[in-house]
Amino acid sequence: KGDIRDQVFLESIFKEVYSLNNYFHAVIHLAGLKSVRESILKPKRYWDVNLNGSINLVNVMKKFNCYSIVFSSSATVYGIADKELLDENSIIKPCNVYGETKARIEKLLLNLCLENNNWRVCNLRYFNPAGAHYSGLIGEATCNNPNNLFPYLNLVAIGKKKFLRIYGNDWNTRDGTAIRDYLHVDDLAYGHLLIMQHILSDKFKIKNINIGTGKGTTVLELINTYQKVNNCEIPFEFVSRREGDVESLIADNQLLKKTLNWIPSKSLESMCLDSLNWQKNS
Ligand code: UFG
């Protein structure tokens, strides 16, 4: 546990592994800030942690001859969708600072590959990860005022928050609320393993890959499912749109399905059940 911007700290991890006569084959880079709203309020912090942290990480990796990386990028790099399903060739035009930092890190990793043939990179573009391990033992530890939808739903369900604020009911969607492609964290984790195997067996040098189910759910649809499977009430109130949000983000996931045989196995119902189960256990 430490700060990705801290070079001495990062080097100490690599050194420790070396001292055990071993080495790191690859890195899964998940260390970043991820709130759209906060990124607009505190842009410098987002550039510093996300971009400078990534630069620090790749410098240390290079120093220790580790050149393989799976980077957790985001669907937010696409910005406003120009078609229903976003494939990897869709225009990169983020609408918020968070998305911009992710897009710049992708570019940095591409530049590294062009500069040095040793690098193997996957920019894995997450749509909306949700849920928790079904055991209730592993999940997202959130603060008292989470920005993301799932952790907030959990707090309303257990009575720590009185109601959920829905950001906008005037989007051009079937019920006026925004659409996202929610993906169970187990399916997300499995995707990383498959990609890591491909990278380490040298199947590609650099790829941008979407990871999502390909199905869109509105905020209201999600609340209905959450209430039904968890047998609880989620009071809500409509408020105005959140700055930096977009109407719809749904993955075209054919690349991951076809090239790596990845198939999402978990339903929206499982995400809702596992999410609350984790919250009750944590
Ligand atoms: N929303 C609400 N009320 C809330 C929170 C969210 O209505 O209290 C709405 C948002 O407006 C959006 C949808 O629910 O339409 C999802 O919002 P999230 O904040 O959960 O997620 P984002 O789509 O903003 O995505 C961000 C990052 C992703 C990251 C994801 C989950 O862009 O990279 O959070 O961690 F994967």
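Located above this text is the structure these notes cover.
Calculation notes
Residues numbered from 1 in each chain as written. Predicted model: local features only at pLDDT ≥ 70, side-chain atom pairs only at ≥ 80, totals over all residues. Heavy atoms only, no water. Helix = DSSP H or I, 4+ residues; strand = E, 2+ residues; numbered from the N terminus. Rg over C-alpha atoms; globule rule 2.2 N^0.38 Å. Buried < 20%, exposed > 50% of the residue type's maximum accessible area, 1.4 Å probe, protein only. Contact = heavy atoms within 4.5 Å. Areas by Shrake-Rupley, 256 points an atom, 1.4 Å probe, with all protein chains shown as cover. Lys, Arg positive; Asp, Glu negative; His and termini not counted. Charge placed at Lys NZ, Arg CZ, Asp CG, Glu CD. Near = heavy atom within 4 Å. Polar contact = N/O pair within 3.5 Å; in protein donor to acceptor, adjacent residues only side chain to side chain. Nonpolar A, V, L, I, M, F, W, Y, C, P; charged D, E, K, R; others polar.

## Section: the overall build of the protein chain
Piece 1. Helix and strand counts for the protein chain stand at nine helices and eleven strands.
Piece 2. Expected size for 282 residues packed as a compact globule is a radius of gyration near 19 Å; at 19 Å, the protein chain falls within 12% of this value.
Piece 3. The dimensions of the protein chain, computed from C-alpha atoms along their principal axes, are 55 × 40 × 40 Å.
Piece 4. Within the protein chain, the proportion of its 282 residues that are buried is 50%.
Piece 5. Sequence-distant contacts, at least 24 apart, represent 80% of the contacts inside the protein chain between residues at least 6 apart.
Piece 6. Summing over all exposed atoms, the protein chain offers an accessible surface of approximately 14400 Å²; the carbon and sulfur share of this is 50%.
Piece 7. Each charge class in the protein chain was averaged separately, 34 positive and 29 negative side chains, and the resulting centres sit 3 Å apart.

## A word on the site of the ligand
Piece 1. In the vicinity of the ligand, 21 residues are found, and the nearest of them are Ser74, Tyr98, Arg165, Arg180 and Asp245.
Piece 2. In the environment of the ligand, an oxygen atom lies 3.2 Å from a nitrogen or oxygen atom belonging to the side chain of Lys34.
Piece 3. Between Asp245 and the ligand, the recorded distance is 2.5 Å, taken from a side-chain N or O atom to an oxygen atom.
Piece 4. Protein contacts shield 94% of the accessible area of the ligand, which totals 680 Å² for the unbound molecule.
Piece 5. Breaking the shell around the ligand down by element, the ones donating at least two residues are β4 (128–130) and β5 (164–167).
Piece 6. Of all the elements, β5 adds the most residues to the shell around the ligand, at four residues.
Piece 7. For the shell around the ligand, the class distribution of residues is eleven nonpolar, five polar and five charged.

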